[in-house]
Structures are given as C-alpha cells and as structure tokens.
Amino acid sequence: MAKIHMVLQGKGGVGKSFIASIIAQHCYAKKKDTLCIDTDPVNATFLGFKKLNVKKLDLMEGDEIDPRKFDNLVELISKSKSDVVIDNGASTFVALSHYLISNHIPALLKEMGHELIVHTVITGGQALSDTLNGFGDHVSRLPVDVNAHCRG
C-alpha cells in the first residue's frame, strides 16, 4: 500500500512546497522510492527540487479541474508502488478540494489499496487565522478515514 501525501492549503506563500520537500526527503531517507508531483499551475516551486525528480502535472482547465487531466494523476498514483508526494498550489486549492470530495477520490484511492494523507500548513502571525480556519474547513469536509496532518 502506498501512502499518498497531498499538501493542501488555500493560503499562498506559507511553505507548502517546503513541507512537500521535507516529506519527500523523509521518504527517501527511509529508502523508499517516492513519486513527487507538482500540480501548482502558477508557482511550481516543488518542481525546483531537482534531486527529488518532481514531475509537473497540470490539472486545470481555466478555473476548474479537468477530469481527463485529473485521470492522469490517478493513473500515476495507481501505477506507483511507492509513496507519492503531491504539492498543490493555493490558486487551485478550492477547485481541487471540491473535486476530491465530490468525486469520492479518497474512497477510490482506498479501493486501490492506497492511504490518502492530507497535510496542511498552519502559520503564525497575521496568517494564523486564515490558515487555521482553512484547515478546519477542509478537514470537516473530508471523509473520516482520511488522515489530516497539520504542520506549522
């Protein structure tokens, strides 16, 4: 069973790509091959971590998730025998979150034998309220069997 680590947060500039890189490095340190994917259409920062062999994958068509493009992501995940780390951008957070939930993607991944783990970033200072509220709202919409982790 592969663990699918998805880093989601609606607030930009809070360190999602950094968290994704730390998760990927942790997997590599445990001698696990890891599939790393950057789906941020605006700031593909995770892609810049060359040693992690990050793949760029566009999921959007305008302001919506393109189901055919999302199928490419599911296909990559389904073929993976290793853990997967996905960094998603703030600009696609709402569309991706809605798509995941409304299309029962966590259940689909579970049927494939994978475990979905959602990571988010909670920051201090002025963004504390935004990031904390965003995390709470997102977690309340996820199925109960999805693991949600907060990083701050």
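Since the structure is predicted, the reported quantities are computational estimates derived from the model, not experimental observations.

Peer 1: Please give an account of the overall build of the protein chain that cites residues and values.
Peer 2: Along the backbone of the protein chain there are five helices and eight strands. Listing each helix as α and each strand as β along the protein chain from the N terminus yields β-α-β-β-β-β-α-β-α-α-β-α-β. Taking 2.2 N^0.38 as the reference for a compact globule, 152 residues should give roughly 15 Å; the C-alpha atoms of the protein chain span a radius of gyration of 14 Å, in line with that estimate. Each principal axis of the C-alpha distribution contributes one length, and for the protein chain these read about 40 × 35 × 30 Å. Expressed as a percentage of the 152 residues in the protein chain, the buried residues total 46%.

Peer 1: Outline the packing of aromatic side chains, listing residues and values.
Peer 2: Summed over all chains, the structure comprises two aromatic pairs. Relative to F49, the ring of F46 has its centre 6.3 Å away and its plane inclined at 55°; by these criteria the two rings are tilted. A residue is classified by how much of its surface remains accessible, and F46, at 0% relative accessible area, is buried. Residue class for F49 comes out partly exposed when judged on its relative accessible area of 29%. Judged by centre distance (4.7 Å) and plane angle (55°), the rings of F70 and Y99 are tilted. Pair noted here: F70 is in helix α2 (residues 67–79) and Y99 is in helix α3 (residues 93–102), with a separation of 29 residues, a long-range link. Each member of the pair F70 and Y99 is classed as buried.

Conventions used here
Residues numbered from 1 in each chain as written. Predicted model: local features only at pLDDT ≥ 70, side-chain atom pairs only at ≥ 80, totals over all residues. Heavy atoms only, no water. Helix = DSSP H or I, 4+ residues; strand = E, 2+ residues; numbered from the N terminus. Rg over C-alpha atoms; globule rule 2.2 N^0.38 Å. Buried < 20%, exposed > 50% of the residue type's maximum accessible area, 1.4 Å probe, protein only. Phe/Tyr/Trp six-rings, centres within 6.5 Å; stacked < 30°, edge-to-face > 60°.

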